[in-house]
Amino acid sequence: MPAHADVSTHAISRARWHWSEFAFWILALFCAFLFPSRYLIMTDIVRLALFALSLDLILGYAGIVSLGHAAFFGVGAYSAGLLALHGIVTEPVVALIVAGLVATAVGFLTSFLVIRGVDLTRLMVTLGIALLLEALAERFSNITGGIDGLQGIEMQPILGLFAFDMFGKVGFFYCLAVLFGLFLLARRIVHSPFGLSLRAIRNNPLRAAAIGIPVNKRLIAIYTLAAFYAGIAGALFTQTTALASLDVFSFERSADLMLVLVIGGTGYLYGGLIGAVVFRMLQEFFSNLTPQYWQFWIGLVLVVIVLVGRQRLHRWALWAPNLIIRQLGGRKTIVAVPESDAP
Amino acid sequence: MTTLFTILFDGVAYGMLLFVLACGLAVTLGLMNFVNLAHGAFAMTGGYVCAVLVNQSGWPFFAALPLAFVASALIGVVLERSLYRHLYHRSHLDQVLFSVGLVFMSVAAVDYIMGSSRIFIKLPAALEGQIDFFGVGIGRYRLMIIVICGLLTAALQLVLARTRFGSRLRAAVDDPRAASGLGINVPQVFAFTFAFGCGLAGLGGALSAEILGLDPYFPLKFMIYFLIVVTVGGSSSITGPFLASLLLGIGDVAGKYYVPKMGPFVIYTIMIVILIWRPNGLFGRTAAR
């Protein structure tokens, strides 16, 4: 079976760690030592990156467009906050996993609503679920603290060893470790046969079903997994900032998340991570420019990206890195290409 | 019993308002299959134009209303010709991103120009207060809304069903290629329809300042309501969105009156249930391909 062998060689070669990936993570670790005064914003970037990674799993790999991904972020955030506030689970890592599992449960239950229908219905249903949860959180203000949010959360030391400090150093390394761990898991999943079948579904659900892929089951599985990731991101948010308020569910959060992923590119996992860095820097830049009205520029960036075309933009952005890769490795090297462009 | 009538009346007024606000979206989203989340921004523009004319330039309210329509329609046609038309054939994701970008820009721009607080439009004295109608208190302003919106709806229905333009539009939507083969200028028809829908939204925005409240976050706050009207109403005719808006209006007013603590919870739940039950809307054929 030459064709089969060819496909598997291709899949295996894509799954192999590329040296640029090592460089990426080493660079991420170095940032911690390069900018010791910037822990808070770097923590923010890492959280956002994890959140974007979660959306990439369903948008980039399964093709589900979600306008309400903040729903799971919010569930994770409130779960972690409530666990810490009432002293149910005090150890942060265990609480993180519990909060992630709560979000997973919500994700699993809502996935049945999402897999039905086409793009437009999915948009509406995901948006509706996020709004619904926001309304619920507002309604049960005796539990969630309403508009004021959860206050007075005190975090215990991680694993009983590392206490959160006010400069956010511990928080940053904690988030980075979680991100790296979950990234490894996501990387393993998307390069597995399961991940390949997801891509087949994204490209053509009908054909995927015809070659025997259980489309709905796979979509439910990946949606649930993405909910877990988003829940963890939300829980990290609560644990490192010690607050959770209604805006964790807000539409702006879901919309910003899409922008993050669009900047970075979908379908190759690093898109969310790179996008988070660029997005946060843009946001910093714009808020320095016009403190109150940075949203205008964010909107402008979105409009321009769409008008220029996402794929064209990524080809431009990757032109220089690809040139270097080719120079170093000869013509046959695998160049960095967003999944949407790959053959 | 009288409260029931008052709720019904307020709900109908609210629903009619929603219909005028959203029926432009029913065409772009329902018929042209373009996900335009920025529709509320056009409504907000109309509202602010009316507010500036009435409050600052001293125009009479009824003279400012047509201007609100014209201003929104003009902005609509400019944006359609320059930006929107490039995106008709792009993926839904692109359309969502683009229109969300527009929403963010409009919110920040209005915040910058007009300030972030809620704006009230000075109403003429004839529109204030209530009329007593067989013991049921009827707000004059709401009565006016029902009259204006009712006339508009009837006119729209007539234009779509009876005029040459209406049949051109329906042809262009059903099969753009065949329509242009028959000599219909499809882009022109779309541009005109888009502008008209934006104009209606602007008019709705001006009318709704009193009831829904007008501030820079208007497009975000009411986006979901417009989308509900269109997706629940379906797109086969103008009647679907009309009935959906009435249902939504009455449901929302009644929900706020009888179960105030549940807030918008009821509406969202109903929307999700309906979309799961009938993904193409309650009334009519599929909107999305």
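**Describing the overall build of chain A**
Next up, step 1: Counting its regular elements, chain A contains 16 helices and zero strands.
Next up, step 2: The C-alpha atoms of chain A give a radius of gyration of 20 Å, which matches the 20 Å a tight globule of 343 residues would have.
Next up, step 3: Overall, chain A is about 60 × 45 × 40 Å in size when its C-alpha atoms are taken along their principal axes.
Next up, step 4: Per-residue burial for chain A yields a buried fraction of 45% across its 343 residues.

**Brief notes about the overall build of chain B**
Next up, step 1: In terms of helices and strands, chain B carries 11 helices and two strands.
Next up, step 2: The order of helices and strands in chain B, counted from the N terminus, is α-α-α-α-β-β-α-α-α-α-α-α-α.
Next up, step 3: The C-alpha radius of gyration of chain B comes to 19 Å, within 12% of the 19 Å expected for a compact globule of 289 residues.
Next up, step 4: Taken along the three principal axes of its C-alpha coordinates, chain B extends 60 × 45 × 35 Å.
Next up, step 5: In chain B, which comprises 289 residues, the proportion classed as buried is 47%.
Next up, step 6: Counting contacts in chain B only where the partners sit at least 6 residues apart, residues at least 24 apart contribute 77% of the total.

**Concerning the environment of S79 of chain A**
Residues and elements named next belong to chain A.
Next up, step 1: As for its position among the elements, S79 is in helix α4 (residues 70-85).
Next up, step 2: In this structure, the C-alpha to C-alpha distance between S79 and V98, residues 19 residues apart in sequence, is 8.0 Å.
Next up, step 3: Not counting residues up to four positions away in its chain, the partners in contact with S79 are V98, A99, V102 and A235.

**Here's the deal with the pairing of strand β1 (residues 130-133) of chain B**
Residue and element names in this part refer to chain B.
Next up, step 1: Pairing analysis gives four bridges linking β1 to strand β2 (residues 136-139), with the strands arranged antiparallel. When the sheet's bridge partners are listed, D132 is paired in β2 with G137.
Next up, step 2: Linking β1 to β2, which pair antiparallel, is a turn of two residues; within it F134 sits at a positive phi near 50°.

**Section: the interface of chain B and chain A**
By convention, interface size is frequently given as the accessible area that disappears when the constituent parts associate.
Next up, step 1: Taken together, the contact between chain B and chain A spans 38 residues of the former and 34 residues of the latter.
Next up, step 2: In terms of residues, the side of chain B that touches chain A owes the most to one element, helix α4 (residues 92-114) of chain B, which gives 17 residues.
Next up, step 3: Of the residues in the side of chain B that touches chain A, the class split is 29 nonpolar, six polar and three charged.

**Brief notes about the environment of V178 of chain A**
Residue and element names in this part refer to chain A.
Next up, step 1: Within the secondary structure layout, V178 lies in helix α8 (residues 169-190).
Next up, step 2: For the pair V178 and V46, spaced 132 residues apart in the sequence, the C-alpha separation amounts to 9.3 Å.
Next up, step 3: Discounting chain neighbours no more than four positions away, the residues touching V178 are I232 and L236.

**A word on helix α12 (residues 251-264) of chain A**
All names here are of chain A.
Next up, step 1: Over its 14 residues, α12 extends 20 Å from the first C-alpha to the last, a length consistent with the 20 Å expected when each residue adds 1.5 Å.
Next up, step 2: The element α12 is extensively covered by neighbouring structure, given that 13 of its 14 residues are classed as buried.
Next up, step 3: G265 occupies a position one or two residues after α12 and carries a positive phi of about 95°.

**What about the packing of helix α13 (residues 270-289) of chain A against helix α14 (residues 294-308) of chain A?**
Residues and elements named next belong to chain A.
Next up, step 1: Where α13 contacts α14, the two axes come as close as 8 Å, and the packing angle between them is 135°. Viewed along their axes, α13 and α14 adopt a mutual orientation that is oblique. Relative to α14, the crossing made by α13 is right-handed. Residues L282, Q283, F286 and S287 of α13 pack against W294, W297, I298 and V301 of α14.
Next up, step 2: Residues that form the contact of α13 with α14 fall into these classes: six nonpolar, two polar and no charged.

**Some words on the confidence of the model for chain B**
Next up, step 1: Scored by pLDDT, chain B has a mean of 86; 97% of the residues are at 70 or more.
Next up, step 2: What the predictor reports for the complex is a pTM of 0.87 with an ipTM of 0.84.

**Let's talk about the packing of helix α2 (residues 39-56) of chain B against helix α8 (residues 186-208) of chain B**
All names here are of chain B.
Next up, step 1: Viewed as axis vectors pointing N to C, α2 and α8 meet at an angle of 55°, and their least axial separation amounts to 6 Å. Between α2 and α8, the crossing angle belongs to the class labelled oblique. Relative to α8, the crossing made by α2 is right-handed. Seen from α2, the contacting residues are H39, F42, A43, M44, T45, G46, G47 and C50; seen from α8, they are C198, A201, G202, L203, G204, G205, A206 and S208.
Next up, step 2: The residue makeup of the contact of α2 with α8, split by class, is eight nonpolar, eight polar and no charged.

**Topic: the environment of G146 of chain A**
Residue and element names in this part refer to chain A.
Next up, step 1: By the element assignment, G146 lies in the loop between α7 (141-144) and α8.
Next up, step 2: When the C-alpha positions of G146 and G234 are compared, they lie 18 Å apart, and in sequence the two are 88 residues distant.
Next up, step 3: Excluding anything up to four places from it in sequence, G146 contacts E138 and S141.

**Re the confidence of the model for chain A**
Residues and elements named next belong to chain A.
Next up, step 1: For chain A, the average pLDDT comes to 85, and 91% of its residues sit at 70 or higher.
Next up, step 2: The secondary structure element of chain A with the lowest average pLDDT is helix α16 (residues 319-329), at 66, and the one with the highest is helix α11 (residues 215-241), at 94.
Next up, step 3: Low pLDDT, under 50, characterises residues 338-343; the predicted model gives this stretch 16 contacts beyond four residues in sequence or across chains.

**Concerning α8 of chain B**
Next up, step 1: An ideal rise of 1.5 Å per residue puts 33 Å on 23 residues; α8 of chain B measures up with 32 Å between its terminal C-alpha atoms.
Next up, step 2: In terms of burial, α8 of chain B is largely enclosed, as 19 of its 23 residues are buried.

**With respect to unusual backbone geometry**
Residues and elements named next belong to chain A.
Next up, step 1: Of note in the backbone geometry, A242 takes a positive phi value of approximately 60° without being a glycine.
Next up, step 2: Relative to the helices and strands, A242 resides in the loop between α11 and α12.
Next up, step 3: Residue A242 is classed as partly exposed on the basis of its C-beta count, with 18 C-beta atoms lying within 10 Å.
Next up, step 4: One non-glycine residue, L269, lies in the positive phi region at around 65°.
Next up, step 5: Topologically, L269 is positioned in the loop between α12 and α13.

Rules used throughout
- Residues numbered from 1 in each chain as written.
- Chains lettered and ligands numbered in written order.
- Predicted model: local features only at pLDDT ≥ 70, side-chain atom pairs only at ≥ 80, totals over all residues.
- Helix = DSSP H or I, 4+ residues; strand = E, 2+ residues; numbered from the N terminus.
- Rg over C-alpha atoms; globule rule 2.2 N^0.38 Å.
- Buried ≥ 20, exposed ≤ 12 C-beta atoms within 10 Å, placed from the backbone.
- Contact = placed C-beta atoms within 7 Å.
- Pairing = 2+ DSSP bridges.
- Nonpolar A, V, L, I, M, F, W, Y, C, P; charged D, E, K, R; others polar.
- Expected span 1.5 Å × (residues − 1).
- Axes fitted to C-alpha atoms, helices over the stretch in contact; angles between N-to-C directions.
- Parallel < 35°, antiparallel > 145°, perpendicular 65-115°, else oblique.
- Left-handed = near helix turned anticlockwise from the far one by under 90°.
- pLDDT = per-residue confidence, 0-100.

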